[in-house]
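In case you want the letters, here they are:
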Amino acid sequence: MAYDYDVVVIGGGSTGTAVARDCAMRGLETLLLERDDIASATVGTCAGMISSGLKYMDEPDIVDMCSEEVVHFRRIARHLIMKNPILTPLMQMSDVSTGGNFAEEYSKRAETRDVPPVLFLTPEDALEIEPTLNPNIIASIYFEEYFISPFRLCLLQALDAQRNGASVRTYCEVHDIENLDGGGNQVTFFDRVSRKTESVVADCVVNATGPWADEVADMASANVEIRPNKGAHVILDRRVVNVGIIAKAVDGRMIYLFPHENTALLGTTALDTWEDPDKLVASSDEIEYLLKSMEWVVPSVREARIIRTMEGVRPLVADWKKPEDDVTRGYDILAHEDDAPGIFSFVGGKLVMCRHMAESVTDMVCEWLGVDKTCDTHMQPLPGMDGDVDVLALSKKYGVSQHMVERMRTRHGTEAEQVLELADAHPEWKTTVCTCEPIMEAELRYSIQEEFPRSLNDLRRRVRLGTGPCQGTFCTYKASAILTKELDWSGIDYQLEIMDYLAERWKGKRPSLRGEQLSQEELMQGIYSCVGNIDQSDAEYQRKPWEGIC
Ligand SMILES: Cc1cc2nc3c(=O)[nH]c(=O)nc-3n(C[C@H](O)[C@H](O)[C@H](O)COP(=O)(O)OP(=O)(O)OC[C@H]3O[C@@H](n4cnc5c(N)ncnc54)[C@H](O)[C@@H]3O)c2cc1C
């Protein structure tokens, strides 16, 4: 019997978008359903490190898999990737032998990953590279790791799935999954934009909902258990360090401080959590743990202003009775053959493994459907990866600053030229909307037209709108006006959009309000209230789940 789809993928994070891409590339009729925006949950709170996996040295299969996935990502998405130098300062002699084991394992795979082997540096050499280090270090390890933009990766996977025939529907929340008597699974969802409930029938359903995997499996009367593990990041207003720092925290765990775009990222905690992932915010304990631990090696870390925090939940494999840091970072796919045939659920995994996870589940889906197609996702480039971009030449040709073009390149790759063409056709769109990043009006327009954002928060994920030191203080009004115009919204929609954006930002900012950040916040609230009159608006705004607790 022919159903509406071969496969419905639930969840638009790194896993779900990779699955939708693989299924579509193998010719399966595919529907991706995401209840919010692409990359709006766990993956959007992660560090984006596509690491050598060496934190998990005692799981060599995982280390090998991560190394191989980096090679694939560099082939299919080089424009989204950065290679960052990292120093691990050693403070005492006992650190040296651990460093030796790490160096051996890392160096074995260095050539495959196109990085130099690990180097041991004297304190003088380390301080020359990073003068902010504590001068009492006894040595330092130097190595290199790759990072990818999680938002752009997920978006490009979703766009590529679409280009290969998949339907991608954001703001569609699955409410029910019914295993039909005659075969097939009926998936019922609520479209938050049209405010309508719809149902579709598919042979297979892939549950790629990360920390919500148990909740979604339950809709199909299937059983999934995860070990939810929360992690916090603190974002600082400047690049506090020149290179990444990985150091031992107060409890001996490893934490990091990475320069990230025009900010710095300090993370992360790893704690069992039983809180609702929809309401979770970083706690002051987590923030203090990170600052206290990092100031041992970078004493000036507290001089920077914390501009916001992020908290996410790792959907770890349910591996109990061991410290959370020892739980495998591998993944499992549960085929619910007895209770919900045709439904597959993910537990565990990481961003760096998302393509691998997708290949494994799509092999299972193909076997279920009797389709004989092999995976090609590791060979076929993602959108924007069909050549190199000559930033200087584009800058001269379109009369746009090199810095602006370079930022576009990291987001759109070769498709940056399409943004510049739009600017050429509408020279008035060459104005800079977000000065922290910077983002040109033409890029916002391009993103709205081509990358299906439905809100300012979606635009933040697409082009980093409002993510810099001012956190949207100066660009939100302008960007909301552009969005309102492009999507043909009303004046009330315009105001609601700003409130919604501010509420989302508040979630991350509230735990960070201390020191100089308080006066920055006062300035921002003053601008929004006095200039924009936003506190006097009579638009009916629905509060977010976390607003009661923040
Ligand atoms: C603090 C932190 C740092 C990390 N750093 C790294 C790192 O540097 N490198 C790395 O490789 N990994 C890292 N990870 C791990 C990585 O982020 C996750 O393993 C991965 O992002 C999970 O992606 P996902 O797609 O499975 O889940 P998610 O990103 O959570 O996606 C699941 C999606 O399902 C949607 N959904 C839920 N319920 C429904 C429903 N009923 N209907 C429709 N949609 C639904 C959600 O809205 C969500 O978008 C980190 C994790 C954390 C928390």
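Just so it is clear, the structure is predicted and the values come from calculations on it, not from any experiment. (Residues numbered from 1 in each chain as written. Predicted model: local features only at pLDDT ≥ 70, side-chain atom pairs only at ≥ 80, totals over all residues. Heavy atoms only, no water.)

Trainee: Requested: an account of the overall build of the protein, with residues and values cited.
Mentor: A tally of regular secondary structure across the protein gives 17 helices and 20 strands. Computed over C-alpha atoms, the radius of gyration of the protein comes to 23 Å, within 12% of the 24 Å expected from 2.2 N^0.38 for 550 residues, which places it in the range of a compact globule. Its C-alpha atoms give the protein principal-axis dimensions of about 70 × 55 × 50 Å. By residue count, 57% of the 550 residues in the protein fall in the buried class. Within the protein, contacts between residues at least 6 apart in sequence are counted, and of these 71% link residues at least 24 apart. For the protein, the computed accessible surface area is about 22,600 Å², with 49% contributed by carbon and sulfur atoms. Treating the 56 positive side-chain charges of the protein as one cloud and the 90 negative ones as another, the clouds have centres 5 Å apart. (Helix = DSSP H or I, 4+ residues; strand = E, 2+ residues; numbered from the N terminus. Rg over C-alpha atoms; globule rule 2.2 N^0.38 Å. Buried < 20%, exposed > 50% of the residue type's maximum accessible area, 1.4 Å probe, protein only. Contact = heavy atoms within 4.5 Å. Areas by Shrake-Rupley, 256 points an atom, 1.4 Å probe, with all protein chains shown as cover. Lys, Arg positive; Asp, Glu negative; His and termini not counted. Charge placed at Lys NZ, Arg CZ, Asp CG, Glu CD.)

Trainee: Could you give me a rundown of the side chain of glutamate 521, with the residues and numbers involved?
Mentor: If you trace the backbone, glutamate 521 turns up in helix α17 (residues 516–531). A polar atom in the side chain of glutamate 521 sits 2.8 Å from the side chain of lysine 509. With residues up to four places along the chain from it excluded, the contact list for glutamate 521 reads Trp506, Lys509 and Leu513. (Polar contact = N/O pair within 3.5 Å; in protein donor to acceptor, adjacent residues only side chain to side chain.)

Trainee: Lay out the environment of valine 19 with the relevant residues and their values.
Mentor: For valine 19, the location among the structural elements is in helix α1 (residues 14–25). Accessibility expressed as a relative area gives 0% for valine 19, which makes it buried. Between the C-alpha atom of valine 19 and that of aspartate 372, which follows or precedes it by 353 residues, the distance is 17 Å.

Trainee: Break down the pattern of salt bridges for me, with residues and values.
Mentor: Under the definition given, this model contains 43 salt bridges. Taking the shortest distance from any N to any O, the salt bridge between arginine 169 and glutamate 198 comes out at 2.8 Å. With arginine 169 in strand β7 (residues 167–169) and glutamate 198 in strand β10 (residues 196–207), this pair connects stretches of sequence that are 29 residues apart. Take glutamate 198: its relative accessible area is 26%, and that puts it in the partly exposed class. In this structure, glutamate 173 engages arginine 192 in a salt bridge whose closest nitrogen and oxygen atoms are separated by 2.9 Å. Placement of glutamate 173 in strand β8 (residues 172–179) and of arginine 192 in the loop between β9 (185–191) and β10 is noted, with a sequence separation of 19 residues between them. (Salt bridge = Lys/Arg side-chain N within 4 Å of Asp/Glu carboxyl O.)

Trainee: Talk me through the packing of helix α12 (residues 416–425) against helix α13 (residues 441–450); I want residue IDs and the actual numbers.
Mentor: For the pair α12 and α13, the least separation of the axes is 9 Å and the interaxial angle reads 115°. Of the two elements, α12 crosses α13, and the hand of that crossing is right-handed. Two secondary-structure elements touch here, α12 through Gln418, Val419, Leu422 and Ala423 and α13 through Ala442, Glu443, Arg445, Tyr446 and Gln449. A class-by-class count of the residues in the contact of α12 with α13 yields five nonpolar, two polar and two charged. (Axes fitted to C-alpha atoms, helices over the stretch in contact; angles between N-to-C directions. Left-handed = near helix turned anticlockwise from the far one by under 90°. Nonpolar A, V, L, I, M, F, W, Y, C, P; charged D, E, K, R; others polar.)

Trainee: Lay out the site of the ligand with the relevant residues and their values.
Mentor: Near the ligand you find 36 residues, and of these Thr15, Glu34, Thr42, Met49 and Val352 are the closest. A distance of 2.9 Å separates an oxygen atom of the ligand from a polar backbone atom of valine 43. A distance of 2.9 Å separates an oxygen atom of the ligand from a polar backbone atom of valine 352. Out of a free accessible area of 1,000 Å², the ligand has 96% covered by protein chains. Breaking the shell around the ligand down by element, the ones donating at least two residues are α1, β8, β11 (226–236) and β16 (306–317). Along the lines of polarity and charge, the residues of the shell around the ligand split into 16 nonpolar, 15 polar and five charged. (Near = heavy atom within 4 Å.)

Trainee: How would you summarise unusual backbone geometry if you had to cite specific residues and measurements?
Mentor: Residue threonine 268 is bonded to the preceding glycine 267 through a cis peptide linkage, with omega at -10°. Along the chain, the position of threonine 268 falls in the loop between β14 (263–267) and β15 (271–272). Positive phi outside glycine occurs at lysine 321, with the angle close to 65°. With respect to the helices and strands, the residue lysine 321 is situated in the loop between β16 and β17 (331–335). Judged by relative accessible area, lysine 321 falls into the exposed class, the value being 86%. One non-glycine residue, phenylalanine 452, lies in the positive phi region at around 40°. Assignment of secondary structure puts phenylalanine 452 in the loop between α13 and α14 (456–463).

Trainee: So what about the packing of aromatic side chains? Which residues, and what values?
Mentor: According to the stated counting rule, one finds eight aromatic pairs in the structure shown. When the ring of phenylalanine 102 is compared with that of phenylalanine 143, the centres are 4.8 Å apart and the planes differ by 65°; the resulting orientation is edge-to-face. With a gap of 41 residues between them, phenylalanine 102 in helix α3 (residues 94–108) and phenylalanine 143 in strand β6 (residues 139–148) connect regions that are remote in the sequence. Here the two residues phenylalanine 102 and phenylalanine 143 agree in accessibility, since each one is buried. Here tyrosine 256 and phenylalanine 258 contribute two aromatic rings whose centre-to-centre distance is 4.5 Å and whose plane-to-plane angle is 10°, an arrangement assigned as stacked. One exposure class covers both tyrosine 256 and phenylalanine 258, and it is buried. Among the aromatic side chains, those forming a connected cluster through ring pairs are Phe102, Tyr106 and Phe143. Across the ring face of tryptophan 212, the terminal group of arginine 35 is positioned such that the distance to the ring centre comes to 4.3 Å. (Phe/Tyr/Trp six-rings, centres within 6.5 Å; stacked < 30°, edge-to-face > 60°. Lys NZ or Arg CZ within 6 Å of the ring centre and 35° of its normal.)

Trainee: Let's hear about the packing of α14 against helix α16 (residues 491–509): which residues, and what values?
Mentor: Look at α14 against α16: their axes get within 8 Å of each other, and the N-to-C directions meet at 60°. By the angle between their directions, the pair α14 and α16 is classed as oblique. Contacts from Leu456, Asn457 and Arg460 in α14 reach Glu497, Ile498, Asp500, Tyr501, Glu504 and Arg505 in α16. For the contact of α14 with α16, the residue count by class is three nonpolar, one polar and five charged. (Parallel < 35°, antiparallel > 145°, perpendicular 65-115°, else oblique.)

Trainee: Break down α12 for me, citing the residues and quoting the values.
Mentor: Among the residues of α12, those classed as buried are Ala416, Val419, Leu420, Leu422 and Ala423. End-on, the buried residues of α12 take up no more than an arc of 155°, which puts them together on one face. Where α12 is buried, its residues touch α10 (391–398), α11 (402–412), β20 (439–440) and α13. (Arc of directions from axis to C-beta.)

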